[in-house]
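Summary of the model geometry
Listed here are the chains, written in short residue letters.
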Amino acid sequence: MLNDVHETRNAPLAPLTTLRLGGPADRLVTAVTDDEVVAAVVEADAAGTPLLIIGGGSNLVIADAGFRGTALRVATTGFDLDGTRLTLAAGENWSAAVARTVEAGLAGLECLAGIPGSAGATPIQNVGAYGQEVAAVLTEVIAYDRAERAVCAIPADDCGFAYRHSRFKADPGRFVVLRVRFELEDAGGLSAPIQYAEAARLLGVEPGERVPAATARDAVLKLRTGKGMVLDPEDHDTWSAGSFFTNPVLEQAEFADFRDRVAHRLGPDVTPPAYPAGEGRTKTSAAWLIDRAGFAKGYGTGPARISGKHTLALTNRGGATTADLLALAREVRDGVRDAFGVTLVNEPVTVDVSL
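Heads up: these notes are all about the structure in this document. Every value quoted in this text rests on a predicted model; they were computed, and no experiment measured them.

What counts, and where the lines are drawn
- Residues numbered from 1 in each chain as written.
- Predicted model: local features only at pLDDT ≥ 70, side-chain atom pairs only at ≥ 80, totals over all residues.
- Heavy atoms only, no water.
- Pairing = 2+ DSSP bridges.
- Helix = DSSP H or I, 4+ residues; strand = E, 2+ residues; numbered from the N terminus.
- Contact = heavy atoms within 4.5 Å.
- Core = buried A, V, L, I, M, F, W, Y, C linked by side-chain atoms within 4.5 Å.
- Buried < 20%, exposed > 50% of the residue type's maximum accessible area, 1.4 Å probe, protein only.
- Phe/Tyr/Trp six-rings, centres within 6.5 Å; stacked < 30°, edge-to-face > 60°.
- Expected span 1.5 Å × (residues − 1).
- Salt bridge = Lys/Arg side-chain N within 4 Å of Asp/Glu carboxyl O.

On to the sheet that holds strand 14 (residues 275–276), then. The strand order 13-15-14 describes an open sheet built from 3 strands, whose pairing is antiparallel. Edge strands, defined here as strands with exactly one partner in the open sheet, are strand 13 (249–251) and strand 14. Sheet topology note: the strand 14/strand 15 (residues 281–283) ladder contains 2 bridges and is antiparallel. In the strand pairing of strand 15, Pro276 is matched with Thr282.

Here we come to the environment of Phe67. In this structure, Phe67 sits in strand 5 (residues 67–74). Separated by 16 residues in sequence, Phe67 and Leu51 place their C-alpha atoms 8.9 Å apart. Look past the residues within four positions of Phe67 in its chain and what remains in contact with it is Leu13, Pro24, Ala25, Asp26, Pro50, Leu51, Leu52, Val351 and Asp352.

Glancing now at the environment of Gly318. Note that Gly318 resides in the loop between strand 17 (314–316) and helix 9 (322–340). Distance in space between the C-alpha atoms of Gly318 and Ala304 is 8.0 Å, their sequence separation being 14 residues. Those residues within four positions of Gly318 in sequence are excluded, and the remaining contacts are His236 and Pro303.

This part covers unusual backbone geometry. A negative phi angle is the norm for most residues apart from glycine, just as the trans form is the norm for most peptide bonds. The residue Asn126 is not glycine, and still its phi comes out positive at about 50 degrees. Turning to its location among the elements, Asn126 is positioned in the loop between helix 3 (122–125) and strand 8 (128–129). Unusually for a residue other than glycine, Arg149 sits at a positive phi of about 55 degrees. Topologically, Arg149 is positioned in the loop between strand 10 (138–145) and strand 11 (150–155).

The next thing to look at is the nonpolar core. The biggest cluster of nonpolar side chains holds 54 residues, and the ones touching the most others in it are Val37, Leu72, Leu88, Trp94, Leu109, Phe182 and Ile194. Residues in contact with Leu109, not counting those within four places in the same chain, are Leu86, Trp94, Val98, Thr101, Gln132, Val137 and Leu184. Formed by 33 residues, the second largest nonpolar core is a distinct cluster that contains Phe244, Leu250, Leu314 and Val336.

A few words now on the packing of aromatic side chains. Aromatic rings considered in pairs are described by the distance between their centres and by the relative angle of their planes. What the rule picks out here adds up to 9 aromatic pairs. Plain terms: the ring middles of Phe244 and Phe245 are 5.1 Å apart, the flat faces sit at 75 degrees to each other, and that makes the pair edge-to-face. Judged on exposure class, the residue Phe244 and its partner Phe245 are both buried. With 6.4 Å between their ring centres and 90 degrees between their planes, Phe258 and Trp288 make a pair best called edge-to-face. With a gap of 30 residues between them, Phe258 in helix 7 (residues 252–266) and Trp288 in helix 8 (residues 286–292) connect regions that are remote in the sequence.

Take the pairing of strand 2 (residues 24–31) next. Judged by how many residues are buried, strand 2 sits mostly within the fold: 6 of 8 residues are covered. Pairing between strand 1 (residues 6–12) and strand 2: 6 bridges, direction antiparallel. By the bridge assignment for strand 2, Pro12 is matched with Pro24.

On to helix 9, then. Under the 1.5 Å per step criterion, the end-to-end length of helix 9 is 27 Å for 19 residues, consistent within 8% with the ideal 27 Å. Inspection of helix 9 places Thr322, Leu325, Leu326, Leu328, Ala329, Val332, Arg333, Gly335, Val336, Ala339 and Phe340 among the buried residues, and these make up the whole buried set. Lining the buried residues of helix 9 we find strand 4 (60–62), helix 7, helix 8, strand 16 (304–306) and strand 17. Where helix 9 terminates, the next one or two residues include Gly341, which has phi positive at roughly 75 degrees.

Another aspect to go through is the pattern of salt bridges. Applying the stated rule across the entire model yields 20 salt bridges. We note a salt bridge from Arg85 to Glu183, for which the minimum N-O separation is 3.6 Å. In this pair, Arg85 is assigned in strand 7 (residues 85–89) and Glu183 in strand 12 (residues 175–183), connecting sequence segments 98 residues apart. Residue class for Arg85 comes out exposed when judged on its relative accessible area of 57%. Taking the relative accessible area as the measure of exposure, Glu183 reaches 32% and is therefore partly exposed. Notably, a salt bridge pairs Arg317 with Asp237, separated by 2.4 Å at the nearest N-O pair. Of this pair, Arg317 sits in the loop between strand 17 and helix 9 while Asp237 sits in the loop between helix 6 (213–226) and strand 13, and the two are 80 residues apart along the sequence. For Arg317, a relative accessible area of 29% translates into the label partly exposed. Each of Glu7, Arg9, Arg27 and Glu43 takes part in a single network of salt bridges with overlapping partners.

Below you can see the structure in the form of structure tokens.
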């Protein structure tokens, strides 16, 4: 056992996730400093023990059988703001950190308010919402490189950021995030330009305009709360991993086939959502696909159901198992594929299970 590190055997993992699902880990280690995180990783690697990193638990779907290995809970803290430069420890609560930057009058993260989880997870998924994503303001990730067996600094240009993707997600076993650094904007208390149409409408501005950063944050929190995307322990409609599926990005031929299927199924006057996603590629809406394939808000009769507030969230209504959740996810995925020829991809990380 590591010195001064809290360790539990046969430790329940469900309480450490926002879905409240999954069986126990053989061993749970809680680390509160970067050195403890590194020491736990080094120990597991030296022993050849499978290792599961847990931060805020908002993006994990863990098998009912649990995890046969060491689960490392990263509970480090640290919020260092120097002018417009922000450094967050991986274990810092993300939503609370965003609130502090807004209180400091800085722009760049305000539309990422209310997202559950920890700071260390944000570069892995390239977390984004309402027209902002961390890649736009992140400057550097400090991580332990398990291949090189050393702590390294990875500049943003080397992070391989794309839509809900990064080099960390592409090579999930290599890096353990320790710190994340950002360069924010001092716009005199104003937000970054509002990019997302739904947020702009709520704020009563045109896309591209700025509003007070706190006003933008409050609007985003209102939108997220209305969709059940702000965690509330008393509301099972928020017992989810957020958006369960990513928005599909389709090549030109794929999008043409998709559009034809929409016309055949829904009528020639129905136009599916379409957003430019790079040369020859188009992004469409997973929520739109799910709803139009016949899976409405609240769909399901068992303990795992689609949220009553948002079709992208799959929720644990209490007493669900991971098997229940995955059965629902497969039903939705297969139904969308059969209806529109588009295969949805899960956003949460699955642990010893697969969709």
